Amino acid sequence: MAGGRRSLGRDFGWLWAAYGVSTFGTRLAFDAFPLIAVLVLHAGATEVALLAASGLAVGAVVAVPLGAWVEFREKRPVMVTADLIRCAALLSIPVAFALDGLDLGQLLVVSVVVAAADITFGAAGGAYLKSLVPPEDLLVANGRFEATTWTATALGPPLGGMAVVVFGPMTTVLADAVSYLLSALGLRAIGGKEGQQTERTRLSPTAPSGLRMSDLPAGWRHILTHPTLRPLFLNTLSVNALIMAPAPLLSVLMLGQLGFSPWQYGLAFAVPCLGGLLGSRLSRPLVARYGRRRVLLTTGTLRACWPVGLAFVGPGTSGLLLVMAVEFGLITCMGVFTPVLATTRLDRTPPDRTTRTLSAWSITSKTTTAAVTALWGLLAALTGPRTAIALAGVLLLATPLLLPRHEREPRRSAAE
C-alpha cells in the first residue's frame, strides 16, 4: 500500500493534525521576532542577532533538565502543557504592545520560553509517536510529518508576510499563539491511555522517583556510545550548523548587494520547498528498495553537495533561478533523509531513554547552530558574505565522512 494512503489510525490522525496546525502557525510567524524588533522597537543588526542567538541558546540550556524529568511521565500531558505555555508566552507580546510596554527584554524572555518548550515538546512527541504506532509504521508517520513541515514552509512565510503588510507585525504572533492552542485541543482529543511502551517505561524498575543529576547526561551517553547514532549525530550537527549559519548572510547578499526585492527573496525559498514534499514521498519506497543504510548514506552525501552553489549567486533572473535550483536539490535530499534519520533514531533508542535522547539531540543541535551562526557573522565581517557562504559550502562537502558506513539492517516487517 502506498505510504500516503496507509491508515495509521484515529489517534495518529489527531496527532498529525495537531502537528500540522502548530507547524503552519510557526511558519506563518517566520522571523516574527526580528520583524517586531526592527519595525516596532527599532533595534539594530547587533541587537537582532543577539536576540536570535541568545533565545535559542538559553532555551536549549533551560531544556536540559526537562528531558530527564519528562522521560518517566506520560508524554501527551507534557505536550499539551508545552503547547499552552507557548500560547501564553506568545500572547504576552501583543498584550504588552497594546499597553505600550513591549521591549527587547520581553522578546528575549519569550524566545527562551518558546525554545525550551519547543525542545520539550519535540522530545516528548517523538517518544509518544513511538508508543502510538507500531515500529513498521514509524517511517510512514515520520514521512507525513516531513511532508507537512515542507508544505507549511512553502505556504507559511509568504502568507505571513502578506498578513504583516496588511494587518501589522502582531498578526502572525497572534496566529502562532492560536495554533498552539488548537494543537493542545487536538492532543486532548486523542484521549485514552498511552501505548504499552510508555507504560512499560513508566513502570520500569529503573525509573527514578525523582530527578537526579545522573539522569541528565543519559541521552548523550546513549548517542555517543551507539555505533550508528554517534556518526549520524555528528553529521547532523555539522550539516545543520553549516546550512543555517550562512542563511542570514545570504539574505544580506541577496537583499543588499544584489538588489533582490523581498518578494523575490521569499519566492526563492518558498518554491524549492516542493522538493521536501517530493523527498518525503520517496523516503519509504527508497528504503524498501535499497535499505535504510544506503538511503541515509546516499542522500546524506547528496545534501552536502548543493549549498556551495549559493556562493555563485548573481543578480537578476539567473541568480534567482540558481538559488531555487540549489535549494530544491538540497531540500529534496533533506526530505528523504530526515524521516529516515528520525525513524532510525527511534528504532535504535530503548523506550526508557527516548525522551532524554531526543532532548540531548535537539539541545546540542540548537546550541551548536547558535554558536556557528555567531561565528559566521564575525567571519562575514572580516571576509564578506559571499566568502563566508562559500567556506560553509566547502566545509559541508566533508560532512559525509561522518556518516555511518557499515550497519546491520534491523529486522522489519514486510509492510515497510
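To start, this report covers the structure provided alongside it. (Residues numbered from 1 in each chain as written. Predicted model: local features only at pLDDT ≥ 70, side-chain atom pairs only at ≥ 80, totals over all residues. Heavy atoms only, no water.)

So, on to helix 2 (residues 32–39). Along helix 2, the positions that sit buried rather than exposed are Ala32, Phe33, Ile36 and Ala37. All buried residues of helix 2 fall inside an arc of 135° around its axis, so they share one side. (Buried < 20%, exposed > 50% of the residue type's maximum accessible area, 1.4 Å probe, protein only. Helix = DSSP H or I, 4+ residues; strand = E, 2+ residues; numbered from the N terminus. Arc of directions from axis to C-beta.)

For the rest of this paragraph, the subject is the packing of aromatic side chains. Applying the stated criterion to the full structure yields 4 aromatic pairs. Their ring planes at 70° and their centres at 5.1 Å tell us that phenylalanine 233 and tryptophan 361 sit as a pair that is edge-to-face. Here the residue phenylalanine 233 occupies a position in helix 10 (residues 229–244), and tryptophan 361 occupies one in helix 16 (residues 354–383), the gap between them amounting to 128 residues. Judged on exposure class, the residue phenylalanine 233 and its partner tryptophan 361 are both buried. Here a set of aromatic residues connected by ring pairs shows up, and it is made of Phe12, Trp16, Tyr19 and Phe145. Stacked on the ring of phenylalanine 121, the Lys or Arg arginine 86 has its end atom at 4.7 Å from the ring centre. (Phe/Tyr/Trp six-rings, centres within 6.5 Å; stacked < 30°, edge-to-face > 60°. Lys NZ or Arg CZ within 6 Å of the ring centre and 35° of its normal.)

A few words now on the nonpolar core. With 32 residues, the main nonpolar core has Leu250, Trp376 and Ile389 as its most contacted residues. Elements represented by at least two residues in this core include exactly helix 6 (138–167), helix 10, helix 11 (247–257), helix 15 (316–347), helix 16 and helix 17 (385–396). It is helix 15 that provides the largest number of residues to this core, a total of 7 residues. Among the nonpolar cores identified, the runner-up in size contains 25 residues, and Leu138, Val140, Phe145 and Leu187 belong to it. (Core = buried A, V, L, I, M, F, W, Y, C linked by side-chain atoms within 4.5 Å.)

Closest axis-to-axis distance for the helix 1 (residues 10–28)/helix 7 (residues 171–190) pair is 8 Å, and the angle between their directions is 170°. By the criterion of interaxial angle, the relationship of helix 1 to helix 7 is roughly antiparallel. Together, Arg10, Asp11, Trp14, Leu15, Ala18, Val21, Ser22, Gly25, Thr26 and Leu28 of helix 1 and Thr172, Ala175, Asp176, Ser179, Tyr180, Leu182, Ser183, Gly186, Leu187, Ala189 and Ile190 of helix 7 make up the contact between the two elements. A class-by-class count of the residues in the contact of helix 1 with helix 7 yields 11 nonpolar, 7 polar and 3 charged. (Axes fitted to C-alpha atoms, helices over the stretch in contact; angles between N-to-C directions. Parallel < 35°, antiparallel > 145°, perpendicular 65-115°, else oblique. Contact = heavy atoms within 4.5 Å. Nonpolar A, V, L, I, M, F, W, Y, C, P; charged D, E, K, R; others polar.)

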